[in-house]
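# Fold and contact review
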Amino acid sequence: MSTGEPAAGGPAPHGSAPHDPAPAPGAEDGRPRYESPPSAGKLLIWVLLFVPAALAVVLGGVYFT
């Protein structure tokens, strides 16, 4: 009780729900499921999207200062 956690079965602080994580879908056997890593093509798309955006932010900051 001294740690600020509600008593078992008691209301959670600030109206939030008590922490009772539900099992992940498909994890009935108890083993966690992991996502596969992104493919090289998807990673390349993200890089090609963010590099010009970052460059535009930097050049815009240099231009307007």
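These notes cover the structure that comes with them. As the structure is a computational prediction, the values presented were derived from the model and not from experiment.

Thresholds applied
Residues numbered from 1 in each chain as written. Predicted model: local features only at pLDDT ≥ 70, side-chain atom pairs only at ≥ 80, totals over all residues. Heavy atoms only, no water. Helix = DSSP H or I, 4+ residues; strand = E, 2+ residues; numbered from the N terminus. Buried < 20%, exposed > 50% of the residue type's maximum accessible area, 1.4 Å probe, protein only. Areas by Shrake-Rupley, 256 points an atom, 1.4 Å probe, with all protein chains shown as cover. Patch = residues over 30% accessible without salt bridge, like charges linked within 9 Å, V, L, I, M, F, W, Y side chains within 5 Å. Salt bridge = Lys/Arg side-chain N within 4 Å of Asp/Glu carboxyl O. Phe/Tyr/Trp six-rings, centres within 6.5 Å; stacked < 30°, edge-to-face > 60°.

### A look at the overall build of the protein chain
- Broken down by element type, the protein chain carries one helix and zero strands.
- For the protein chain, the proportion of its 65 residues judged to be buried stands at 3%.
- A total accessible area of about 6300 Å² is found for the protein chain, and carbon and sulfur atoms account for 68% of it.

### Focus on a nonpolar patch on the surface
- Together, Leu43, Val47 and Val51 make up an exposed nonpolar region whose accessible area comes to about 260 Å².
- Relative to the helices and strands, leucine 43 is located in helix α1 (residues 40-63).

### Things to note about the packing of aromatic side chains
- As enumerated under the stated definition, the model contains two aromatic pairs in all.
- Ring centres of tryptophan 46 and phenylalanine 50 lie 5.6 Å apart, and the angle between their planes is 15°; this geometry places the pair in the stacked category. Taken together, the residues span about one helical turn, with tryptophan 46 and phenylalanine 50 both in helix α1 at a distance of four residues.
- Relative accessible area serves as the criterion here: at 47%, tryptophan 46 is assigned to the partly exposed category.
- Taking the relative accessible area as the measure of exposure, phenylalanine 50 reaches 48% and is therefore partly exposed.
- Aromatic pair tyrosine 63 and phenylalanine 64: ring centres 5.0 Å apart, planes at 80°, arrangement edge-to-face. The same class applies to tyrosine 63 as to phenylalanine 64, namely exposed.

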